[in-house]
Amino acid sequence: MIPPPNVTDVLHMGHMLNNTIQDILIRKARLDGKNACWVPGTDHASIATEAKVVRWLREEKKLRKADLSREQFMEYAYQWKDKYGGIILQQLRRLGASCDWERTAFTMDPSYYNDVIRVFVDLYRKGKLYRGLRMVNWDPEAKTVLSNEEVLYNEEQSELFHIKYLLEGSATEGIVIATQRPETIFADVAVAVHPKDPRYSHLVGKNVLIPLIDRPIPVIADEYVDVEFGTGALKITPAHDPNDYEIGQRFNLPIIDTIDDDGRLNSQCAYAPIVGMDRFAARKHVKPALEASGHLVKIEDYRTKIGRSERTNSVVEPKLSLQWFVRMSELGEPALRAVLDREVQFFPDHFQNLYRNWMENLRDWCISRQLWWGQRIPAWYLKSDGLYKETHIFVAETAEEALEQAREATGNKQLSINDLRQDEDVLDTWASSWLWPISVFDGFSQPDGEIKYYYPTSVLVTGWDIIFFWVARMIMAGYEYMGQRPFQAVYFTGMVRDQKRRKMSKSLGNSPDALKLLDDYGADGVRYGLMSSAAAGGDILFDDKLCENGRNFCNKLWNALRLVKGWQVSDSAENTDEARKNALAVQWMREKFKQTLGEVDANFRSFRLSEALLALYGLIWDDFCSWYLEMIKPGFEKPIDRVTYEATLDLYADLMVALHPFMPFITEEIWHQLRERAAGQDCMMQQYPKSNGIIENEIIDRMNAYTNVVSASRDIRNQYQIKPKEEWQLFVQNTDSAKKLYEITGSGNIVAKLAHTSSVELTDSAPPNSIQFVSGSEQYYFLPKPENTTFDFAVDTAAEKEKILKELEYQRGFVKSVEAKLANERFVKSAPPHIIENERKKLSDGLARIKTLEESLEKIN
RNA sequence: GGGCGCAUAGCUCAGCUGGUUCAGAGCACCUGCCUUACAAGCAGGGGGUCGGAGGUUCGAAUCCUUCUGCGCCCA
């Protein structure tokens, strides 16, 4: 499942990471022979898009939203969407995203829109959707509700009033509360203290009187109260503060709403002198009154965050308003169980703790938004009831149906559509995107169609920041409407951060230009860069350097192609000997490939994609390029034998298929360059190489021994400043193990070729003037060819001796620890057999090595 | 206040079921090489005892407890 990006989005780092991961999974699935489907699309993103449209209207069309009708606005909004929306889908193609483009969906497509409405009606009929009070951000100037995003918080200077509420029946005893809003004390319904606060415990349960009006209210105890803040006593005003509202609900307290839509005190306010005044004027008025009555203890200067309307800059008033809610209790239960039972598996799995914590504390979901861009709520009210006082609600998919309901309910057959008013609000964006896995396969309108084939889907890839907004709700919708999970696995990506660990965002301006990155490093380079350090769930600190690695890797791949394609191929008979010698390298490379594929497969199964990529990177760069190609590379201006050449092309092509999910462009290109391909034959449609079959560890160990000898001789060249290309001689002490090591055809050739020696020969005695070294448990001698008398060098015996002594010391310590382990009865008794076996082998290898080292030391002496 | 996570090389991070594929990768650094695929490269090299303390175990970077220092989410 693709998380649909907002229709307003342009490609940024988060999208690139997210979609690269999805593309890797989808390409791998395709190569594994599965019918992989990846539905792309966009989300209408009500708030973000509406804000953009409003700005566009203001700047381009010189129009204000307030001057437009809803219909006009929507027309403009669709115009905007057609012109500027969905750019991101084009940009995703550049990244290589192999979506099923003909399936592109949009959460406001007519059919999708209908699904959302259908679900709303259905939930309402099932009693899982209701209308209730909720605290919203109210702009008293614009007289509109603001979304959280439209409220700007800034520190401002304010005053904290300490006001004494007298205990009922007492002239002196009382409780002092601290508030910034003395004009709201007439809406108070309680005073709350912390249950463990000794200062007030004796007052809990008693009544205190609101100053100036002397209305009694109870003193209650609640954990919410901060003992440190103010006086530790909090006035509870459910109508004018969200937290107070919560406490009021818990204690079943009444709600007294004293402020009208325009910010003026209304008749609910029992203190007559301020009724009709603006809230700030009222505050000014209350101050001297409290002072005169002796209730005002003191006023403190106070800095606090004040929320102001983005549009009018007026101070936002928390206000209770009627909103639509989805009842979460029943929906949440199966969704929680699904994750706990691993019906839906999270990667990394610790996110299920976060999920559980949230799901066990579910609050009902407010799904109405005071916007126009979105699915309009399909609820109608009788106009005669008056705005916001609706007692008759008709929820239906169409206005006609609602009218029908209204006629029936009122018994008035004469009602017309003009007597009804449709709810002005639209639905929360997530109330459409939670249906994505069902709706994109037409699951609601054609329940027996392709939804049957594609649902449940396999994997969802998304950021953990929307685990509640989106993931949890899709799971809920899945069980509610399909009776089963929407996906088997959820892969959580981390956030892309910059070098200072800040989240990359447009407002900070710290996000690299995604398109420029693609230009600079190529899509494959960027994909490599993103993936090489992106373990599931972990944030990635993005650095261009990572993409540089990716680009360099592409370059490496390309150069290897140049090398291989530059070879002349010979079919002549004398090359069969060459082929026999090369067979060892070919066989080794195949085993190594198989071994790595095993790791890659395991990594894919557990979504360790960066591990899989790094395994392939190492295989291709080190094993294939640095070792294998050098082993089989023909001499200057010499041809390569046909057998080895063909085997190499096959290996190379298979490597490209294996790497293809990660770097689709270059692998496709190289795959085509390697051989003539029939039309329609593509790398992306091949079969992923199989890791099955037993791995011949013996050949891998053997090759390890050879490459160690090569490395040791290169080290010596470095030390003695011997030119890499200068041909020397290499002898190995004639022992049973040495004979065995070099009995295989081609083994000596490989070592001699890579170490640039004329050959590797067995010798019974140390050749004079040779440099000794030990590799594995063999003793080697390295010396110039006899004719190369010009070469002037002296063996640094002291240094050689020191090196051997150091190595001896290490090996002896090593053997000692292994011996101690094996002598430990409890170890031998309780450790699994293969561990013990391994320890025994370590011991014998170590002992053989010590023996060789000791002999080597003697020779030097 | 509740919850989640992190601490391993100079930097960014891997390290799965506890055991020589356990201390690893890339970058950075040092030495030598423009070697007839590749200087965006090649060949070598130095560098960490796995945040501190305790415990479980024959055996701990890995499991448990605790402390310290960070980061995030919810309130």
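Here the structure is a predicted model, which means the values were calculated and not measured.

## Observations regarding the overall build of chain A
Part 1 of the reasoning: Secondary structure assignment for chain A yields 26 helices and 29 strands.
Part 2 of the reasoning: The C-alpha radius of gyration of chain A comes to 38 Å, more than 25% above the 29 Å expected for a compact globule of 861 residues.
Part 3 of the reasoning: Along the first, second and third principal axes, the C-alpha set of chain A runs to 115 × 65 × 55 Å.
Part 4 of the reasoning: Sorting the 861 residues of chain A into buried and exposed places 51% on the buried side.

## Some words on the packing of helix 19 (residues 642-659) against helix 20 (residues 664-674)
Part 1 of the reasoning: Relative orientation of the contacting elements helix 19 and helix 20 amounts to 160 degrees, with a least axis distance of 9 Å. In terms of their interaxial angle, helix 19 and helix 20 are classed as roughly antiparallel. For the crossing formed where helix 19 meets helix 20, the hand is left-handed. Between helix 19, through Leu649, Tyr652, Ala653, Met656, Val657 and Leu659, and helix 20, the contact on the second element is made entirely by Thr667, Ile670, Trp671 and Leu674.

## Examining the sheet that holds strand 20 (residues 457-463)
Part 1 of the reasoning: Pairing in this open sheet of three strands is parallel, and the strands run 13-21-20 from one edge to the other. Bordering the open sheet on either side are strand 13 (345-347) and strand 20, each of which pairs with just one other strand. Ignoring which end each strand starts from, the neighbouring axes of this sheet average 20 degrees apart.
Part 2 of the reasoning: Where strand 13 lies against strand 21 (residues 487-493), three bridges are found, and the strand directions are parallel. Paired with Gln345 across the strands is Ala489, a residue of strand 21.

## A short note on the sheet that holds strand 14 (residues 365-366)
Part 1 of the reasoning: The four strands lie next to each other as 4-3-12-14, forming an open sheet whose pairing is antiparallel. The open sheet terminates on both sides in strands that have one partner only, identified here as strand 4 (144-146) and strand 14.
Part 2 of the reasoning: By the bridge criterion, two bridges tie strand 12 (residues 317-326) to strand 14 in an arrangement that is antiparallel. Bridge pairing in strand 14 places Val326 opposite Trp365.

## Regarding the packing of aromatic side chains
Part 1 of the reasoning: On inspection of all chains with the given rule, the structure shows 34 aromatic pairs.
Part 2 of the reasoning: Residues Tyr78 and Trp373 carry aromatic rings whose centres are separated by 5.1 Å and whose planes lie at 70 degrees to one another, so their mutual orientation is edge-to-face. Within this pair, whereas Tyr78 is found in helix 3 (residues 70-84), its partner Trp373 is found in the loop between strand 15 (368-369) and strand 16 (379-382), the two being separated by 295 residues in sequence.
Part 3 of the reasoning: Relative to Tyr742, the ring of Tyr706 lies with its centre 5.7 Å away and its plane at 35 degrees, an arrangement referred to as tilted. A residue pair is termed long-range when its members are at least 10 positions apart, and Tyr706 in helix 21 (residues 697-720) and Tyr742 in the loop between helix 22 (736-741) and helix 23 (747-755) qualify at 36 residues. The pair Tyr706 / Tyr742 is uniform in exposure class, with both members buried.
Part 4 of the reasoning: We note Lys65 situated over the ring of Phe73; from NZ or CZ to the ring centre the distance is 5.7 Å.
Part 5 of the reasoning: Positioned above the aromatic ring of Trp365, the side-chain terminus of Arg473 is 3.9 Å from the ring centre.

## Overview of the confidence of the model for chain A
Part 1 of the reasoning: Per-residue confidence for chain A averages 88 on the pLDDT scale, and 96% of its residues sit at or above 70.
Part 2 of the reasoning: Across chain A, element-level confidence peaks in helix 5 (residues 110-125) with a mean pLDDT of 97 and bottoms out in strand 4 with 73.
Part 3 of the reasoning: On the interface metric, ipTM, the complex scores 0.94, and its pTM is 0.88.

## Re the packing of helix 8 (residues 328-340) against helix 9 (residues 351-359)
Part 1 of the reasoning: Between helix 8 and helix 9, the least distance of the axes is 10 Å, while the angle of their chain directions is 160 degrees. In terms of orientation, helix 8 lies roughly antiparallel with respect to helix 9. The handedness of the crossing between helix 8 and helix 9 is left-handed. Contacts between helix 8 and helix 9 involve Gly332, Ala335, Leu336, Val339 and Leu340 from the first element and Gln352, Tyr355, Arg356 and Met359 from the second.
Part 2 of the reasoning: For the contact of helix 8 with helix 9, the residue count by class is six nonpolar, two polar and one charged.

## Observations concerning the state of the cysteines
Part 1 of the reasoning: Tallied over the entire structure, the rule returns zero disulfides.
Part 2 of the reasoning: Here Cys547 is not cross-linked by a disulfide; its sulfur's nearest cysteine counterpart is in Cys554, at 11 Å.
Part 3 of the reasoning: Look at Cys547 and you get buried, because its relative accessible area is 0%.
Part 4 of the reasoning: Distance from the sulfur of Cys625, which forms no disulfide, to the nearest cysteine sulfur (Cys554) is 12 Å.

## Description of the nonpolar core
Part 1 of the reasoning: If you look at the biggest cluster of nonpolar residues, it comprises 113 residues, and the most contacted ones within it are Met16, Tyr628 and Phe662.
Part 2 of the reasoning: Top element by residues in this core is helix 18 (residues 609-632). It accounts for 14 residues.
Part 3 of the reasoning: With near-sequence residues (within four places) excluded, Phe662 lies in contact with Ile24, Arg527, Phe604, Leu609, Ala612, Leu613 and Leu616.
Part 4 of the reasoning: Ranked by size, the runner-up nonpolar core spans 57 residues in total, among them Phe120, Val121, Val440 and Phe444.

## Some words on unusual backbone geometry
Part 1 of the reasoning: A cis geometry characterises the amide bond from Phe347 onward to Pro348, with omega recorded as -5 degrees.
Part 2 of the reasoning: Structurally, the position occupied by Pro348 is in the loop between strand 13 and helix 9.
Part 3 of the reasoning: In this chain, Tyr455 is followed by Pro456 through a cis amide linkage whose omega measures -5 degrees.
Part 4 of the reasoning: A positive phi angle, near 65 degrees, is found at Arg342, a position not held by glycine.
Part 5 of the reasoning: Of note, Arg342 is situated in the loop between helix 8 and strand 13.
Part 6 of the reasoning: Judged by its relative accessible area of 40%, Arg342 falls in the partly exposed class.
Part 7 of the reasoning: For Gln721, which is not a glycine, the phi torsion comes out positive at approximately 55 degrees.
Part 8 of the reasoning: Residue placement: Gln721 occurs in the loop between helix 21 and strand 26 (728-733).
Part 9 of the reasoning: Given a relative accessible area of 68%, Gln721 falls into the exposed group.

## Overview of helix 5
Part 1 of the reasoning: In this model helix 5 runs 23 Å from its N-terminal to its C-terminal C-alpha over 16 residues, within 8% of the 22 Å that 1.5 Å per residue would give.
Part 2 of the reasoning: Taken together, the buried positions of helix 5 are Tyr112, Asp115, Val116, Ile117, Val119, Phe120, Val121 and Leu123.
Part 3 of the reasoning: Looking at the residues trailing helix 5, positive phi occurs at Gly127, about 75 degrees.

## Quick look at the pairing of strand 9 (residues 216-221)
Part 1 of the reasoning: Alignment of strand 7 (residues 190-193) against strand 9, held across three bridges, turns out to be parallel. From the neighbouring strand, Val191 faces strand 9, where its bridge partner is Val219.
Part 2 of the reasoning: Adjacent in sequence and paired antiparallel, strand 8 (residues 207-209) and strand 9 are bridged by six residues, among which Leu212 carries a positive phi angle near 70 degrees.

## Comments concerning the side chain of Asp43
Part 1 of the reasoning: In this structure, Asp43 sits in the loop between strand 1 (41-42) and helix 2 (46-60).
Part 2 of the reasoning: No salt bridge is formed by the buried Asp43. Its closest oppositely charged neighbour is Arg473, at 10 Å.
Part 3 of the reasoning: In this structure the side chain of Asp43 is engaged in a polar contact, spanning 2.7 Å, whose partner is the backbone nitrogen of Ala45.
Part 4 of the reasoning: With residues up to four places along the chain from it excluded, the contact list for Asp43 reads Pro4, Pro5, Asn6, Val7, Phe106, Thr107, Thr429 and Ser433.

## Regarding the environment of Ala472
Part 1 of the reasoning: As for its position among the elements, Ala472 is in helix 14 (residues 467-482).
Part 2 of the reasoning: Excluding residues within four positions of it along the chain, Ala472 makes contact with Ala335, Tyr355, Trp358, Met359 and Ile467.

## Let's talk about the environment of His162
Part 1 of the reasoning: One can find His162 in strand 5 (residues 151-166).
Part 2 of the reasoning: A residue is classified by how much of its surface remains accessible, and His162, at 5% relative accessible area, is buried.
Part 3 of the reasoning: Note: C-alpha distance between His162 and His295 (133 residues apart in sequence) is 8.5 Å.
Part 4 of the reasoning: Contacts of His162, omitting those with residues within four sequence positions, involve Val176, Ile177, Ala178, Thr231, His295, Leu296, Val297, Lys298 and Glu300.
Part 5 of the reasoning: Polar side-chain contacts of His162 include one of 2.7 Å to the side chain of Glu300.

Calculation rules
Residues numbered from 1 in each chain as written. Chains lettered and ligands numbered in written order. Predicted model: local features only at pLDDT ≥ 70, side-chain atom pairs only at ≥ 80, totals over all residues. Heavy atoms only, no water. Helix = DSSP H or I, 4+ residues; strand = E, 2+ residues; numbered from the N terminus. Rg over C-alpha atoms; globule rule 2.2 N^0.38 Å. Buried < 20%, exposed > 50% of the residue type's maximum accessible area, 1.4 Å probe, protein only. Axes fitted to C-alpha atoms, helices over the stretch in contact; angles between N-to-C directions. Parallel < 35°, antiparallel > 145°, perpendicular 65-115°, else oblique. Left-handed = near helix turned anticlockwise from the far one by under 90°. Contact = heavy atoms within 4.5 Å. Pairing = 2+ DSSP bridges. Phe/Tyr/Trp six-rings, centres within 6.5 Å; stacked < 30°, edge-to-face > 60°. Lys NZ or Arg CZ within 6 Å of the ring centre and 35° of its normal. pLDDT = per-residue confidence, 0-100. Nonpolar A, V, L, I, M, F, W, Y, C, P; charged D, E, K, R; others polar. Disulfide = S-S within 2.5 Å. Core = buried A, V, L, I, M, F, W, Y, C linked by side-chain atoms within 4.5 Å. Expected span 1.5 Å × (residues − 1). Lys, Arg positive; Asp, Glu negative; His and termini not counted. Salt bridge = Lys/Arg side-chain N within 4 Å of Asp/Glu carboxyl O. Polar contact = N/O pair within 3.5 Å; in protein donor to acceptor, adjacent residues only side chain to side chain.

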